[in-house]
Each structure stands twice: as structure tokens, then as C-alpha cells.
Amino acid sequence: MNKKLAAALSGGAVLVMMTTLTGCGDDAEDKKAEWSKAFCPKEKTALDKRSKAEQLIVATAADGKPEDIKKADVAAFQQVAESNRALAQALRTSGVPPIDKGEQLQQDGIKQLEAQAAAYTELKKKAEALDPKNGDSFAKGLKEIGTDMEKADKLLSKAQPTCVKPKDGAATPTK
């Protein structure tokens, strides 16, 4: 089993979970394939939403006006929170992934995703409260949000049940 976790942007980080698994083709693989059919499409949708949030932040961070930065951050934080809630729900409804310690990984993943969703909801509230017309206050607020984002991104561990299509095209669960 091979794990890979990619953390995204500095200053606007959105965690994207990516892992790979090589399969062997037995009864265990059939169970993994069934679980994957239930979970993987939902995961892809949620991760696509996160990616769009990330792009929104990048598009305005470099040279955006304060009003645009605020608007982008509020929207992006909402999208990340929704994405995490959707992933938690997908883990809940897809059942226990058929991998080592699957039940514990499922429970931990749900807790971590919900905690990060709550953290990003708080970030959204902080971004909404920023006054883009007050340059010093706005800059200080953005810096605090950046620090809080780093903390929020650490709420997810590498041990998240997730899936990615290996070279043979069949998505399978892993941790």
C-alpha cells in the first residue's frame, strides 16, 4: 500500500487527500470494489469542490482588491466546509471500508472532516467580519485567518479512507 497526502496552498491552504493502492484481485478486492462504487464518486465530487475553492483563492490572492479577496475567501471557506461535510457523509453512508482498521479509520475520518468543516465555517465568519476599507485591520485579519487555516488543515490526519484510480482504472479504498 502506498500513501500520498498533498497539502495545497500556503495562505489559502485547502487539504486534498490523495492516495494510491495496488490491488491483487481476490475476494477482498471485490469488497473494496463494492465500497469504492459507493464512496469514490462522492469523494471525487467533494474534492472537485475543494479544488475550485483553492482556485478561487489563488485567482484573487496575488493582485486582488481587498473587497475581492474578502469575497473569494468567504466563498472558498464555505466551499471547503461543505466539501468536508459531504466527505464525512459519504464515509458515513458508504459503510466501513474493507481495509485494515477500516471501522476506526472511518470513525476517525468522519470526526476529523467534521472538525475541519467547523473550523472552516469559523474562518468564513472571520472573513465576513473583515473590513476591506480599513487596510491595516484588514491585513491583520487576513494574517490571523492564515494562521487559523494552518491549524484547521492540521485537523486531518494521513489516515483517511479514500480512493484513487490506479493504472488499471478500478478505484479502490485505502487509508
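Here the structure is a predicted model, which means the values were calculated and not measured. (Residues numbered from 1 in each chain as written. Predicted model: local features only at pLDDT ≥ 70, side-chain atom pairs only at ≥ 80, totals over all residues. Heavy atoms only, no water.)

Engineer: Please give an account of the environment of Pro 132 that cites residues and values.
Structural biologist: Residue position: Pro 132 is located in the loop between helix H3 (102–129) and helix H4 (135–153). On the accessibility criterion, Pro 132 (17% relative accessible area) is buried. Sequence-wise, Pro 132 and Lys 71 are 61 residues apart; in three dimensions their C-alpha atoms are separated by 10.0 Å. If we skip the residues at most four places from it in the chain, Pro 132 touches Pro 66, Glu 67, Lys 70 and Phe 138. (Helix = DSSP H or I, 4+ residues; strand = E, 2+ residues; numbered from the N terminus. Buried < 20%, exposed > 50% of the residue type's maximum accessible area, 1.4 Å probe, protein only. Contact = heavy atoms within 4.5 Å.)

Engineer: Pulling in residues and values, what's your account of the nonpolar core?
Structural biologist: If you look at the biggest cluster of nonpolar residues, it comprises 16 residues, and the most contacted ones within it are Phe 77, Tyr 120, Leu 123, Ala 127, Ile 145 and Met 149. Looking at this core, the elements with two or more residues in it are helix H1 (27–61), helix H2 (66–94), H3 and H4. With six residues, the top contributor of residues to this core is H2. One finds Cys 40, Ala 88, Ala 90 and Leu 113 within the second-largest nonpolar core, a separate group that totals 13 residues. (Core = buried A, V, L, I, M, F, W, Y, C linked by side-chain atoms within 4.5 Å.)

Engineer: A description of the packing of H1 against H2 should follow, citing residues and the corresponding values.
Structural biologist: Relative orientation of the contacting elements H1 and H2 amounts to 170°, with a least axis distance of 9 Å. On the basis of the axis angle, H1 is roughly antiparallel to H2. Of the residues that constitute the contact of H1 with H2, the class distribution is 19 nonpolar, six polar and eight charged. (Axes fitted to C-alpha atoms, helices over the stretch in contact; angles between N-to-C directions. Parallel < 35°, antiparallel > 145°, perpendicular 65-115°, else oblique. Nonpolar A, V, L, I, M, F, W, Y, C, P; charged D, E, K, R; others polar.)

Engineer: Go over the pattern of salt bridges, please, and point to the residues and values.
Structural biologist: A full pass over the atoms with the stated rule returns eight salt bridges. The partner of Glu 34 in a salt bridge is Lys 37, and the shortest N-O contact between them spans 3.5 Å. Note that Glu 34 and Lys 37 are positioned in helix H1 at a spacing of three residues, about one turn of the helix. Judged on exposure class, the residue Glu 34 and its partner Lys 37 are both exposed. Notably, a salt bridge pairs Asp 48 with Lys 44, separated by 2.8 Å at the nearest N-O pair. Within this pair, Asp 48 and its partner Lys 44 are both found in helix H1, separated by four residues, close to a single helical turn. Owing to a relative accessible area of 33%, Asp 48 belongs among the partly exposed residues under this scheme. (Salt bridge = Lys/Arg side-chain N within 4 Å of Asp/Glu carboxyl O.)

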